[in-house]
Protein chains: 2
Amino acid sequence: MVDRGLVLDAAERVIRRDGAGVSLDAIALEAGVTKPIVYARVGGRTDLADALSRRLAARLVIAAGAAIGDLAYGRAMLTAFVEANLSTLAEHRDLFLYVTGGTAADTPRRTLYLAERSTTPMAQQLAAWRTNQGLDPAVAVPWAYAVIGMLHLVSLWWITEMDRPAELLAEQVAELLWSGLAGP
Amino acid sequence: MVDRGLVLDAAERVIRRDGAGVSLDAIALEAGVTKPIVYARVGGRTDLADALSRRLAARLVIAAGAAIGDLAYGRAMLTAFVEANLSTLAEHRDLFLYVTGGTAADTPRRTLYLAERSTTPMAQQLAAWRTNQGLDPAVAVPWAYAVIGMLHLVSLWWITEMDRPAELLAEQVAELLWSGLAGP
DNA sequence: AGCAATACTTACCCACCGTAACTTTGGTAT
DNA sequence: ATACCAAAGTTACGGTGGGTAAGTATTGCT
């Protein structure tokens, strides 16, 4: 009896090994079962990708939380947050591509889901901080999406080039995020 | 004789009408030709999506340029730039989804292409401005990707919700971009 | 032992991308 | 005028991948 988690583990292994273009048959083969079993456990390709996007989102949130630790709100915290996101997405490169790829109908849904999971805790913190500073907290949600979109595209670009160390890029992105284009 | 441009026009029409999930057969039907003609003119699905992404990228660049006009570098210019991007992507909603969707192998390539076309002029302006201000211009390229990634995800989110006017959202995003999370 | 439910496999269908082989049309040389 | 050939296009097919229906083995219960 192969349970749902083992199928997802197998999917992650074969995606990591063979890239984001893998078929369900390949995943079933890797899991040591046949295709209908995959359907019984996790559903079709869409459900599989959804489940994997939940795993990836959870890892992003955990990595971000661990990196931030109890740093105070500020540029150092932001740098840690950015670098955690960059590293995690680079670490799960093909999984990231698998989750954000797929059919045109699913891509936006999952992209937004992946983003939303990261934005939710971030928007809360951001709203609290701005309220505390006497600023309008209404911008928290769009700003959270803005930050995550920034990180995702920068990650995608960085993943394909990998021409500079993660720390440098994280510093640069954090500077933009913290001080803006206007500069300090 | 149906030329390449007419096939691309037909593709845009059917994508707008039926959504981003359309097949090549549907596009060929709309163009009034058979499938092999589509292959002879524009190549396969990948080449078609590439060609459409070039069109979309060109429109983004043109819209941005027109919106900026001869505004001086600053928050007002940034707001115009952001709003031009939001509106253009919303106007070409399904085309945007078609271009950024597709197989896992093509998605990152085209996403980066679409981004790169917007980032190139922006990175140049940004580098020039920073040099002029006595600041380090080395961050221009990663910052340009950061800005475009921000705009793309915010657009995607906004497109699916459409819960606030474009001007307000553009103001909010421009504020983040110009002044950063730290605030003015 | 016999029966039934569960778990899985084989075999298949369908949609879609891509292409090979066949047909038509229009111009051209003899 | 006719036979030929190249261009342009259509029909028909192969291959792959997602998804499912029908058949088979295995386990537990009476």
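Reading the values: the criteria
Residues numbered from 1 in each chain as written. Chains lettered and ligands numbered in written order. Predicted model: local features only at pLDDT ≥ 70, side-chain atom pairs only at ≥ 80, totals over all residues. Heavy atoms only, no water. Near = heavy atom within 4 Å. Polar contact = N/O pair within 3.5 Å; in protein donor to acceptor, adjacent residues only side chain to side chain. Helix = DSSP H or I, 4+ residues; strand = E, 2+ residues; numbered from the N terminus. Nonpolar A, V, L, I, M, F, W, Y, C, P; charged D, E, K, R; others polar. Contact = heavy atoms within 4.5 Å. Domains from an automatic or database assignment. Buried area = accessible area lost by both parts, 1.4 Å probe. Salt bridge = Lys/Arg side-chain N within 4 Å of Asp/Glu carboxyl O. Axes fitted to C-alpha atoms, helices over the stretch in contact; angles between N-to-C directions. Parallel < 35°, antiparallel > 145°, perpendicular 65-115°, else oblique. Left-handed = near helix turned anticlockwise from the far one by under 90°. Least-squares fit on C-alpha atoms with pLDDT ≥ 70 in both. 1 Å grid on protein atoms, 1.4 Å probe; cavity = no way out; pocket = protein on both sides within 12 Å on 5 of 7 lines; lining within 4 Å. Points joined across faces, edges and corners; volume = space filled by probe spheres on them.

Draft legend 1. Inspection of the protein's contact with DNA strand D at higher detail. Neighbouring DNA strand D are 13 residues; Leu24, Lys35, Tyr39 and Arg45 of chain A together with Thr34 of chain B lie closest to it. Backbone sugar and phosphate groups make up 57% of those atoms of DNA strand D lying within 4 Å of the protein. A distance of 2.7 Å separates a phosphate oxygen of DNA strand D from a polar atom in the backbone of Arg45 of chain A. At a separation of 2.9 Å, a phosphate oxygen of DNA strand D approaches a polar side-chain atom of Arg41 of chain B. When residues of the surface near DNA strand D are traced back to their parent elements, those giving at least two are helix 2 (24–31) and helix 3 (35–42) of chain A together with helix 3 (35–42) of chain B. Looking at the surface near DNA strand D residue by residue, the class counts come to six nonpolar, three polar and four charged.

Draft legend 2. Broad picture of the protein's contact with DNA strand C. In the vicinity of DNA strand C, 13 residues are found, and the nearest of them are Thr34 and Arg41 of chain A together with Lys35, Tyr39 and Arg45 of chain B. The protein-proximal atoms of DNA strand C, defined as those within 4 Å of the protein, are 55% sugar or phosphate. One of the side-chain N or O atoms of Arg41 of chain A is found 2.9 Å from a phosphate oxygen in DNA strand C. In the environment of DNA strand C, a base oxygen lies 2.9 Å from a nitrogen or oxygen atom belonging to the side chain of Lys35 of chain B. Looking at the surface near DNA strand C, its residues break down into six nonpolar, three polar and four charged.

Draft legend 3. Molecular detail of the environment of Phe81 of chain B. All names here are of chain B. Of note, Phe81 is situated in helix 5 (residues 75–91). In sequence terms Phe81 and Ile68 are 13 residues apart; their C-alpha atoms lie 6.1 Å from each other. Once residues lying within four places of it in the same chain are set aside, the contact partners of Phe81 are Ala64, Ile68, Met122, Val147, Ile148 and Leu151.

Draft legend 4. The arrangement of the domain arrangement of chain A in detail. Residue and element names in this part refer to chain A. If you check the domain split of chain A, you get domain 1 (1–43) and domain 2 (45–179). Centre-to-centre separation of domain 1 and domain 2, based on C-alpha positions: 27 Å. Contacts between domain 1 and domain 2 engage 15 residues on the former and 14 residues on the latter. For the pairing of domain 1 and domain 2, the buried interface totals around 1300 Å² over both sides, and the portion due to carbon and sulfur atoms is 57%. If you sort the residues of domain 1 by the area they bury against domain 2, Glu12, Ile15 and Arg16 come out on top, with a joint share of 37%. Taken together, domain 1 and domain 2 are joined by four salt bridges.

Draft legend 5. Representation of the packing of helix 9 (residues 166–179) of chain A against helix 8 (residues 140–161) of chain B. Relative to each other, helix 9 of chain A and helix 8 of chain B sit at 60°, their axes nearing to 10 Å. With respect to helix 8 of chain B, the axis of helix 9 of chain A lies oblique. The two elements helix 9 of chain A and helix 8 of chain B cross, and the hand of that crossing is right-handed. Of the residues in helix 8 of chain B, those in contact with Leu169, Gln172, Val173, Glu175 and Leu176 of chain A of helix 9 of chain A are Pro142, Trp143, Ala146 and Val147 of chain B. For the contact of helix 9 of chain A with helix 8 of chain B, the class distribution of residues is seven nonpolar, one polar and one charged.

Draft legend 6. Quick look at the relation of the copies chain A and chain B. Between chain A and chain B, the superposition needs a rotation of 180° and an axial shift of 0.0 Å, giving an RMSD of 0.0 Å. In the structure described here, the two chain copies are related by an operation that fits a two-fold rotation axis. By residue overlap, the copies meet face to face through one surface: 100% of the interface positions of chain A are interface positions in chain B.

Draft legend 7. Layout of empty space enclosed by the protein. The final tally for this structure, using the stated rule, is two cavities of 30 Å³ or more. If you add up the space inside the largest cavity, you get close to 390 Å³. Around the largest cavity, the lining is made up of 20 residues, and of these Thr100, Thr111 and Leu156 of chain A together with Thr100 and Thr111 of chain B lie nearest the centre. Listing elements by their share of the lining of the largest cavity, those giving two or more residues are helix 6 (93–100), helix 7 (106–132) and helix 8 (140–161) of chain A together with helix 6 (93–100), helix 7 (106–132) and helix 8 of chain B. Classifying every residue of the lining of the largest cavity by side-chain character gives ten nonpolar, ten polar and no charged. In this structure, the second largest cavity encloses a volume near 50 Å³. Of all the secondary-structure elements, those providing two or more residues to the lining of the second largest cavity are helix 4 (45–68) and helix 7 of chain A. It is helix 4 of chain A that provides the largest number of residues to the lining of the second largest cavity, a total of three residues. A breakdown of the residues in the lining of the second largest cavity according to their chemical character gives two nonpolar, four polar and three charged.

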